[in-house]
Amino acid sequence: MSNVKDFHMETFSNPYYGFINDFAQSEYESAKLLGKFYTDYNVAEEMIGRVVSEISLHVHKNILRIIDPFCGDGRLILKLLQAISQDKNYETLLIEVYLWDIDEVAVENAKIAVLDFVRHNNINAKIIAEKTDAFVSCFSVEESYDICVTNPPWGLLKPLKLFNSRCGDNELDRYKTSIAAYDDYMRQEFMISQPTSKFGKWGTNLGRCGLEVALRLISADGVCGFVSSASLFNDQVSVPFREWIFNQFSLRSISYFPAELKLYGSADVSSITAVVKTGRTEKIDIRIYDKNFKYCESKLQNADLEYVKDNDYLIPLEFGIESLKLQMQWDSLVSLEEYCATNGLHFVRELDETRLEEKVCSNGVYTFSKGYMVNKYTFVPDNMFVDEKNVEIPKTAQYAKIVWRDVSRNSQKRRVKATLLPENCVAGNSLGAIYSEHNDKELLKVLLAVMNSYVFEFQARKQLVSNHVPVGVVRKIKIPLLSKDRELISLVECKLNGQDVEHDIEVYVAKMYGLKWEEFLNIISTFKEDKKILELLKQKWFA
């Protein structure tokens, strides 16, 4: 096996990481390229506490083997050793500590920190630190460790444009060859972790592959605690991976940390920790933290757990397990995609914005619309028109259409921002779009009210995992039975004309969904609206 490991290191790993080391211009840039997000100490302590609660040191009579295959500065192992040292049973054990990382400096620093800790606390430990690629080394030691704690690299394996301007042709060829070979290796060795869809040929998620490494390392009675982006439990492309975790392991607990906590510097990302043992998932303890680092607890079990398993293993962590009840209630409704298919509505992308300057001009017949021009119920054109000399006008330009911004940051209160474009507008691909083949603007206005509602947004947020609002998510959102209700159409027309009737629309749509006030209030509370808005909505509801 060592010969296979050496071959894979020389053929796949070393060329890729060697290039990164040679051409990254700073430690910060190297960390960003390699997906290094060091675990916040409070998060680490929380996770380690849950890991330790799942182990019994007295069972390990002689040796306890612990590992972090992506150790960084060793902080997770240090927190684990601190927790273990509180149990007197550790005094009879030899603790073998394994530290792996692709960063040689990080491994050495982690080793020094761990050695200093065990000496200072008189812990009987053996430290084995190795600069290695865990994606290669793991296969020779599967099921060998009692405890694995780790925070794998975050990010996708794909070529980065920043090298184009600083590298010559030979260096770029070296880069493209090495990353392609490494990606081929990852796809072959970590099939469970591969996304179900990719943009082009790229899309291997190093974080998912790293979790697969961690789970393969633990022994039959071992425990694994890991840190991950929250997208693990609510994206569209990790269903096979979630199924593997649920059915091949016992997912014991999950803790959710919102992006507002800013745990990873400037990175606007929500995260989770989870604790896993061998077995099968029958109950999950859930903690949902808020922006003040306070949490509420719940359990996912019985009918709720079965519902999760039947629905792509999606867990609505951001909104709490209580939201599953509403999702079950909406199961009888049609999805937006289903409704569109039977009512002459179609999703469309009209104009690729690549090399946009060659496709637009300052005057013309067809107004060009781009993401930044669109907000809820508003469109502010920017004197851009489609240049008919260079672009074939799509046939759908003759229709009015609903459009929404494709890019919307995870930390924004409302992410689905839609409006109605008139005829003779062309939408760039920074906008999603729906048109009516009958140019039925009344139906579009009713649908626009639904898409801009709290309830629609509430459903969408459970599946949005990046700074995008992809059409794949929007298609799946459940919508109520629509009719060309004159009152609602009139409200939408008033809103499109700038009148302040949005709260009236929100209440109208919520009642279309069949919600009770208490249910609607629970949904609104997840948006952290101020008391004035809550009171206004209540007045509208009971008017």
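Residues numbered from 1 in each chain as written. Predicted model: local features only at pLDDT ≥ 70, side-chain atom pairs only at ≥ 80, totals over all residues. Heavy atoms only, no water.

1. What about the packing of helix α16 (residues 486–496) against helix α17 (residues 502–512)?
Piece 1. Where α16 meets α17, the axes come as close as 9 Å, and the angle between the chain directions of the two elements is 145°. When you trace α16 past α17, the crossing you get is left-handed. Across the interface between the two elements, E487, L488, L491, V492 and K495 of α16 pack against E502, D504, I505, Y508 and M512 of α17.
Piece 2. Residues of the contact of α16 with α17, tallied by class, amount to six nonpolar, no polar and four charged. (Axes fitted to C-alpha atoms, helices over the stretch in contact; angles between N-to-C directions. Helix = DSSP H or I, 4+ residues; strand = E, 2+ residues; numbered from the N terminus. Left-handed = near helix turned anticlockwise from the far one by under 90°. Contact = heavy atoms within 4.5 Å. Nonpolar A, V, L, I, M, F, W, Y, C, P; charged D, E, K, R; others polar.)

2. Considerations on the packing of aromatic side chains
Piece 1. Scanning the model with the defined rule gives 33 aromatic pairs in all.
Piece 2. For the ring pair F7 and F12, a centre distance of 6.5 Å and an interplane angle of 90° mean the geometry is edge-to-face.
Piece 3. Here the aromatic rings of F37 and W154 are separated by 5.2 Å at their centres, their planes lie at 35°, and the arrangement is tilted. Of this pair, F37 sits in the loop between α2 (27–34) and α3 (41–53) while W154 sits in the loop between β4 (145–150) and β5 (156–157), and the two are 117 residues apart along the sequence.
Piece 4. When its relative accessible area of 29% is taken as the criterion, F37 is described as partly exposed.
Piece 5. A connected cluster of aromatic rings, assembled from ring pairs, spans F7, F12, Y16, Y17, Y182 and Y185.
Piece 6. Here R414 stacks its cationic end above the ring of F527, 5.5 Å away from the centre of that ring. (Phe/Tyr/Trp six-rings, centres within 6.5 Å; stacked < 30°, edge-to-face > 60°. Buried < 20%, exposed > 50% of the residue type's maximum accessible area, 1.4 Å probe, protein only. Lys NZ or Arg CZ within 6 Å of the ring centre and 35° of its normal.)

3. Looking at the pattern of salt bridges
Piece 1. Throughout the structure, instances matching the rule amount to 35 salt bridges.
Piece 2. Note that D235 is salt-bridged to R208, the shortest N-O span being 3.0 Å. Within this pair, whereas D235 is found in the loop between β7 (218–229) and α9 (239–248), its partner R208 is found in helix α8 (residues 206–217), the two being separated by 27 residues in sequence. Each member of the pair, D235 as well as R208, is classed as buried.
Piece 3. With a shortest N-O distance of 2.9 Å, E212 and R216 are connected by a salt bridge. Pair noted here: E212 and R216 are both in helix α8, with a separation of four residues, about one helical turn.
Piece 4. Looking at R216, the relative accessible area reads 23%, which means it is partly exposed. (Salt bridge = Lys/Arg side-chain N within 4 Å of Asp/Glu carboxyl O.)

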